[in-house]
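Read off the chains here:
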Amino acid sequence: MRLCFLVEEQYRHDGMPLEVVRQLRSWGHRVDVVWPGRSLIRISEAIRAGSHDAWVLKTVSGGPGLTLLEAAASVGLTTVNDVRAIRGVRDKALAAVIARSKGLPVPVTYAAARPEEFAEVAAAEFPLVVKPADGSSGRAVRLVATPDRLREPERPGGPAGEDGATGGLLIAQPYVPNSGTDLKVYSVAGELYATERRSPLHPAHAVRERQVPLTPEIARITAEIGEVFGLDLYGVDILLGPDGPVVVDINDFPSFRQVPDAVARVSAAVLDLARRGARGRGASVGEVPVREAVGGAVGGLVPEGVAAVPVAPASPSSAPSAPSAPSAPSVPSAPSVPRPVRSVAPLGGGR
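Residues numbered from 1 in each chain as written. Predicted model: local features only at pLDDT ≥ 70, side-chain atom pairs only at ≥ 80, totals over all residues. Heavy atoms only, no water.

Novice: I'd like a description of the overall build of the protein, backed by residues and values.
Specialist: A count of helical and extended segments in the protein gives seven helices and 13 strands. Expressed as a percentage of its 351 residues, the buried residues of the protein come to 50%. Counting contacts in the protein only where the partners sit at least 6 residues apart, residues at least 24 apart contribute 71% of the total. Entry remark: accessible area of the protein is about 15,700 Å², with carbon and sulfur atoms responsible for 54%. (Helix = DSSP H or I, 4+ residues; strand = E, 2+ residues; numbered from the N terminus. Buried < 20%, exposed > 50% of the residue type's maximum accessible area, 1.4 Å probe, protein only. Contact = heavy atoms within 4.5 Å. Areas by Shrake-Rupley, 256 points an atom, 1.4 Å probe, with all protein chains shown as cover.)

In structure tokens:
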């Protein structure tokens, strides 16, 4: 197969997805990598050429990669994840509304352009967790104990400048009392893995990152999120609060840390999703096929290198196919949740 990965500068040295790129190449597939933040892209020609079976995105929430992915989808090309699903979770304000409307356990959410506007929230709702609606990787997330502390400057190093100001929409949610440990659950095309990680709100809390057992309740919530938003490769941040599990974040194409054989599993899932998409490009919104459990194989690595997207005149149907992944010992299977035909969350929310 021929795949194009859109990878932004922040992930230039990140194992996910670059190790996936190497794995796919080692299996004999052609993978081009485009760096949206630091290279000229002849976007019209590259997309019109239709020289890739699928486009895959690994980008920060407000980065330019999503626009390129949407451009590919607009002319009928396959994207992993579905681009409408990505847009639905990239805007955290939009994601909160969609999730709560479907009965998912998401905190009450407030939105404002400036932190001080959250002073209108009832004092009983404090402490509040305040973060950018288009934030990612836990940046610029802060815990505000009382209304009078909303005007305090954020820590340096925010996503949009030294003062941490984002210049965009902010959201605030009541703090969920917890142990200081985030439960991060990953879905690899229907296979679910639960892991523990230190909460960004409790940096002093010592937590050993590890895979943990997946309870039926957490599995159900995570699978429902995939159905509601139309995601295949995603992660969910869950807090175990006094009243039960609470979903505090949803991420498309996360790090998959602590997932066993993550590179092989994600690589196999990307191929499977690309093939399914290539067969069903004419399907309308909501006609998403049932996903099967994905197995993978661990292959050797090839030297790292990136290539610009070629402007090839050939279409996917006329170009020769790349070899399939070689036979190799299967990766042990993880818990799988049946996934019925689902609708995709509506496109909306500006960045």
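Now, onward.
Novice: Pulling in residues and values, what's your account of the sheet that holds strand 11 (residues 210-212)?
Specialist: Strand order in this open sheet of five strands is 11-10-9-12-13, and the pairing throughout is antiparallel. At either end of the open sheet lies a strand with only one pairing partner, and these are strand 11 and strand 13 (244-252). Averaged over neighbouring strand pairs, the angle between their axes works out to 35° when direction is ignored. Bridge analysis of strand 9 (residues 181-188) against strand 10 (residues 191-198) gives eight bridges, and the strand direction is antiparallel. The partner of Val-185 across the bridge, within strand 10, is Ala-194. (Pairing = 2+ DSSP bridges. Axes fitted to C-alpha atoms, helices over the stretch in contact; angles between N-to-C directions.)

Novice: Go over unusual backbone geometry, please, and point to the residues and values.
Specialist: The residue after Val-80, namely Asn-81, is reached through a cis peptide bond having omega -5°. By the element assignment, Asn-81 lies in the loop between strand 4 (79-80) and helix 4 (83-90). Of note, Phe-256 is a non-glycine position whose phi angle comes to about 60°, a positive value. Structurally, Phe-256 is set in the loop between strand 13 and helix 7 (262-279). Here Phe-256 falls in the buried class, since its relative accessible area comes to 2%. For Gln-258, which is not glycine, the phi dihedral falls at a positive 70°. Note on placement: Gln-258 falls in the loop between strand 13 and helix 7. Exposure remark for Gln-258: the relative accessible area of 37% places this residue in the partly exposed category.

Novice: Account for the nonpolar core, naming residues and giving values.
Specialist: Of all hydrophobic cores here, the largest spans 35 residues; its most connected members are Leu-3, Phe-5, Leu-24, Leu-233, Phe-256, Val-266 and Val-270. Listing elements by their share of this core, those giving two or more residues are strand 1 (2-7), helix 1 (15-26), strand 2 (30-34), strand 3 (54-58), strand 9 and helix 7. Sequence-distant contacts of Leu-3, that is, excluding residues within four places in its chain, are made with Leu-24, Arg-30, Val-31, Asp-32, His-52, Ala-54, Val-270, Leu-271 and Ala-274. In this structure, Ile-98, Ala-99, Tyr-234 and Ile-238 belong to the second largest nonpolar core, which totals 24 residues. (Core = buried A, V, L, I, M, F, W, Y, C linked by side-chain atoms within 4.5 Å.)

Novice: Please provide a residue-by-residue account of the pairing of strand 3, values included.
Specialist: Most of strand 3 is tucked away: five of the five residues are buried. Of the two faces of strand 3, the one carrying Ala-54, Val-56 and Lys-58 and the one carrying Trp-55 and Leu-57 are both buried. Sheet analysis places strand 1 next to strand 3, joined by five bridges and oriented parallel. Counterpart to Cys-4 in the pairing with strand 3 is Trp-55. Here strand 3 pairs with strand 4 via two bridges, running parallel. Bridge assignment links Val-56 to a residue of strand 4, and that residue is Val-80.

Novice: Tell me about the confidence of the model for the protein, and please be specific about residues and values.
Specialist: Scored by pLDDT, the protein has a mean of 78; 74% of the residues are at 70 or more. Low pLDDT, under 50, characterises residues 157-166; the stretch is placed with 15 contacts to residues that sit more than four places away or in other chains. Here residues 279-351 is a poorly scored stretch, pLDDT under 50, and it has 175 contacts once near neighbours within four places are set aside; other chains count. (pLDDT = per-residue confidence, 0-100.)

Novice: If you had to explain the pattern of salt bridges to someone new, which residues and values would you point to?
Specialist: Inspection of the entire model under this criterion finds 16 salt bridges. Note that Arg-114 and Glu-116 form a salt bridge whose closest N and O atoms lie 3.2 Å from each other. A relative accessible area of 25% places Glu-116 in the partly exposed class. Between Glu-224 and Arg-220 there is a salt bridge, with its nearest N and O atoms 3.1 Å apart. Remark: Arg-220 and Glu-224 occur in helix 6 (residues 216-229); sequence separation between them is four residues, near one turn of the helix. Judged by its relative accessible area of 28%, Glu-224 falls in the partly exposed class. The exposure class assigned to Arg-220 is partly exposed, which follows from its relative accessible area of 42%. (Salt bridge = Lys/Arg side-chain N within 4 Å of Asp/Glu carboxyl O.)

Novice: Tell me what's going on with the sheet that holds strand 4, and back it up with residues and numbers.
Specialist: Taken in spatial order, the four strands line up as 2-1-3-4 in an open sheet, and their pairing is parallel. Every interior strand has two partners, whereas the edge strands, strand 2 and strand 4, have only one. Together, strand 1, strand 2 and strand 3 form the strand contacts of helix 1, whose direction differs from that of strand 1 by roughly 165°.

Novice: Lay out the packing of aromatic side chains in plain terms, naming residues and giving numbers.
Specialist: Where two aromatic rings form a pair, the distance of their centres and the angle of their planes describe that pair. What the rule picks out here adds up to two aromatic pairs. For the ring pair Tyr-186 and Phe-256, a centre distance of 5.5 Å and an interplane angle of 45° mean the geometry is tilted. Taken together, the residues Tyr-186 in strand 9 and Phe-256 in the loop between strand 13 and helix 7 connect sequence positions 70 residues apart. Between the aromatic rings of Phe-253 and Phe-256, the centroid separation amounts to 6.1 Å while the plane-to-plane angle is 75°, which identifies the pairing as edge-to-face. Residue classification places Phe-253 among the buried residues on the basis of a relative accessible area of 2%. Following the ring pairs from residue to residue traces out a cluster consisting of Tyr-186, Phe-253 and Phe-256. Lys-58 extends its terminal NZ or CZ atom over the ring of Tyr-11, reaching a point 4.6 Å from the ring centre. (Phe/Tyr/Trp six-rings, centres within 6.5 Å; stacked < 30°, edge-to-face > 60°. Lys NZ or Arg CZ within 6 Å of the ring centre and 35° of its normal.)

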